[in-house]
Amino acid sequence: MLVNMRDLLTDAQAGNYAVGSFSVANMEMVLGVIKAAEELNAPIILQIAEVRLKQSPLEIIGPLMVAAAENSSVPVAVHFDHGKTIEKISQALDIGFTSVMFDGSHLPLEENIKLTNRIMSLADEYDASVEAEIGCVGGSEDGSEDIAINCTKPEDAVRFEEETGVDALAIAIGNAHGNYKSAPNLRFDILAEVEEKTHTPLVLHGGTGISPDDFVKCSKTGIKKINIATATFDSVEKSVRDSYNNSSIAGYYDLQAAEVEGAYQNAKKHILIFGSDNKA
Ligand code: 13P
């Protein structure tokens, strides 16, 4: 069933686990992620980032994501990741996304607060949730930019929460998008301070390459939504490559099945680590 992201994160706070937010690019990935969630009886979030719309147009993949959520036996929120323009955020809301992110992390805090509040008024008309980001997560969603990591200042998180009342807050604690060049050294001291001083469910971007132990530690220290993108794409690609290598692809529909399998295996692995299985 299609649900509001706010409700999933409130339950995750009460149950002390994190919900996986899986980026998808086509129907096969949507089917694979939903299959894992249904098998493990887990709530999940399906998401797509604005920079990916050149490959997967919002007017086509958006309704598909919403329909998949509506037809699922487990709670699924549909989220617009790293929204940059009001135009695309509005389009996602019109399509039926139950959550949108406004990424003003590159802006001065004042400006980020002002624009986040504007998006919150818009999302309110649809009863949709809003995620914002402060500090800078490294890299970029599609690998096109090498943004430097700038860890969130706990006092900024406090002010942001007070002045926006946002539903979910992405923070930067040494995490980065894409595959890490060396193992990430997450700043659990910053995370613990933000958790202590705020009440908003926190979001960890750049999930690919973070160790299971660190995921668990994050999920017990205020992180309630964990974004996974590159690992899904890599898992789908590997599944297809392995299937060709062991000659198990004899036609198009075997190729399609290998894609679904890659997304399914990756989502399953992460749901179990995040502790969201049997929480639907
Ligand atoms: P990864 O590509 O590192 O998994 O990051 C995903 C993400 O944070 C999407 O917003």
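Quantities reported herein were computed from a predicted structural model and do not represent experimental measurements.

Within a sheet, adjacent strands bond to each other through the backbone by hydrogen bonds, running parallel or antiparallel. Here 8 strands make up a closed barrel; going around it, the order is 1-2-3-4-5-6-7-8 and the pairing parallel. Here the average twist between neighbouring strands, direction ignored, is 25°. Two elements, strand 3 (residues 76–83) and strand 4 (residues 99–102), share 3 bridges in a ladder whose sense is parallel. In the strand pairing of strand 4, Gly-83 is matched with Phe-102. Along the sheet, helix 8 (residues 212–219) contacts strand 7 (202–204) and strand 8 (223–228); its crossing angle with strand 8, the most-contacted strand, is approximately 145°.

It is characteristic of soluble globular proteins that their nonpolar side chains tend to be buried jointly. Ranked by size, the top nonpolar core spans 70 residues in total, and within it Leu-46, Met-65, Phe-80, Phe-97, Val-100 and Leu-169 carry the most contacts. Sequence-distant contacts of Phe-80, defined by excluding residues within four places in its chain, comprise Ile-48, Glu-50, Leu-53, Leu-58, Lys-88, Ile-89, Ala-92, Phe-97, Ser-99, Val-100 and Met-101. Core analysis: the second largest hydrophobic core is formed by 13 residues, Val-3, Leu-8, Ile-45 and Met-101 among them.

What helix 8 keeps buried is the set Asp-214, Phe-215, Cys-218 and Ser-219. For helix 8, the angular spread of the buried residues around the axis is 135°, confining them to a single face. Its buried side turned inward, helix 8 meets helix 7 (188–197), strand 7, strand 8 and helix 10 (252–274).

If you trace the backbone, Gln-256 turns up in helix 10. A relative accessible area of 17% means that Gln-256 is categorised as buried. Gln-256 sits 229 residues away from Met-27 along the chain, and the two C-alpha atoms are 9.7 Å apart. Those residues within four positions of Gln-256 in sequence are excluded, and the remaining contacts are Met-27 and Glu-28.

Inspection of the region around the ligand gives 15 residues, with Asp-81, Gly-206, Thr-208, Ala-229 and Thr-230 positioned closest. Contact between the ligand and Asn-227: an oxygen atom at 3.0 Å from a side-chain N or O atom of the residue. Bound to the protein, the ligand loses 100% of the 310 Å² it would expose on its own. Going through the elements one at a time, strand 3 and strand 8 are the ones with two or more residues in the shell around the ligand.

Turning our attention to the packing of aromatic side chains. Following the criterion strictly, the structure yields 3 aromatic pairs and no others. Ring geometry for Phe-80 versus Phe-97: centroids 6.2 Å apart, planes at 80°, classification edge-to-face. Of the two residues, Phe-80 is situated in strand 3 and Phe-97 in the loop between helix 4 (86–95) and strand 4; the sequence distance between them amounts to 17 residues. The pair Phe-80 / Phe-97 is uniform in exposure class, with both members buried. Taking the centre distance of 5.0 Å and the plane angle of 80° together, the rings of Phe-215 and Phe-274 count as edge-to-face. With Phe-215 in helix 8 and Phe-274 in helix 10, the pair connects residues that are 59 residues apart, well separated along the chain. Over the ring of Phe-188 we find Lys-217; its NZ or CZ atom is 4.2 Å from the centre of that ring. Of note, Lys-279 hangs over the ring of Tyr-17, and the distance from its end group to the ring centre comes to 5.1 Å.

As a working rule, side chains carrying opposite charge can pair if their charged atoms are close by. Throughout the structure, instances matching the rule amount to 11 salt bridges. Glu-131 is the partner of Lys-225 in a salt bridge, and the nearest nitrogen-oxygen pair spans 2.7 Å. Pair noted here: Lys-225 is in strand 8 and Glu-131 is in strand 5 (residues 129–134), with a separation of 94 residues, a long-range link. Owing to a relative accessible area of 0%, Lys-225 belongs among the buried residues under this scheme.

Bringing the packing of helix 2 (residues 27–40) against helix 3 (residues 58–70) into the picture now. Axis angle and axis distance: for two packed helices, these are the angle between their axes and the distance between the axes, and together they describe the pair. Relative to each other, helix 2 and helix 3 sit at 20°, their axes nearing to 10 Å. With respect to each other, helix 2 and helix 3 are oriented roughly parallel. As for how helix 2 packs across helix 3, the hand of that crossing is right-handed. For the pair helix 2 and helix 3, the contacting residues are Met-27, Val-30 and Ile-34 in the first and Leu-64, Met-65 and Ala-68 in the second. Residue classes in the contact of helix 2 with helix 3 are distributed as 6 nonpolar, no polar and no charged.

What counts as what
All chains use their own residue numbering, which begins from 1 and follows the written sequence. Local features in a predicted model are, by the rule used here, given only for residues with pLDDT of at least 70; side-chain atom pairs are given and counted only at 80 or more, and totals for whole chains, interfaces and linings are based on all residues. Side-chain metrics rest on all non-hydrogen atoms present in the structure, leaving aside hydrogens and water. Two strands are counted as paired when DSSP detects at least two bridges linking them. Every helix listed is a DSSP run of H or I at least four residues long, and every strand listed is a run of E at least two residues long, numbered separately from the N terminus. To define axes, lines are fitted to C-alpha atoms, for helices over the stretch in contact only, and angles between the resulting N-to-C directions are given on a 0 to 180 degree scale. Contact between two residues is taken to exist if any of their heavy atoms lie within 4.5 Å; hydrogens are not considered. Take the buried Ala, Val, Leu, Ile, Met, Phe, Trp, Tyr and Cys residues and link them wherever side-chain atoms come within 4.5 Å; each set so joined is a nonpolar core. Burial classification: accessible surface area is computed with a 1.4 Å probe over protein chains only, and a residue below 20% of its type maximum counts as buried, one above 50% as exposed, and the rest as partly exposed. Throughout, the arc means the angular range of directions from the helix axis out to the C-beta atoms. By convention in this text, a residue qualifies as near a molecule or strand provided that one of its non-hydrogen atoms is within 4 Å of it. Throughout this description, a polar contact denotes any pair of N or O atoms lying within 3.5 Å of each other; where both atoms belong to protein, one of them has to be capable of donating a hydrogen while the other can accept it, and for residues adjacent in sequence the pair is counted only when both atoms sit in side chains. Per-residue accessibility takes into account occlusion by the displayed protein chains alone, with areas from the Shrake-Rupley method and a 1.4 Å probe. Pairing of aromatic rings covers Phe, Tyr and Trp, the last through its six-membered ring, and needs centres within 6.5 Å; plane angles under 30 degrees mean stacked, over 60 mean edge-to-face, and all others mean tilted. By definition, being over a ring means that NZ of Lys or CZ of Arg is both within 6 Å of the ring centre and within 35 degrees of the ring normal. Any Lys or Arg side-chain nitrogen found within 4 Å of a carboxyl oxygen on Asp or Glu counts as a salt bridge. Any angle that is under 35 degrees is reported as roughly parallel, and any over 145 degrees as roughly antiparallel; angles of 65 to 115 degrees are reported as roughly perpendicular and all others as oblique. By definition, any crossing whose near helix is turned counterclockwise from its far helix by less than a right angle is left-handed, and any crossing with a clockwise turn is right-handed. Three classes are used, and their members are as follows: Ala, Val, Leu, Ile, Met, Phe, Trp, Tyr, Cys and Pro are nonpolar, Asp, Glu, Lys and Arg are charged, and the others, Gly among them, are polar.

In short, shape yes, function no, at least from these values alone.
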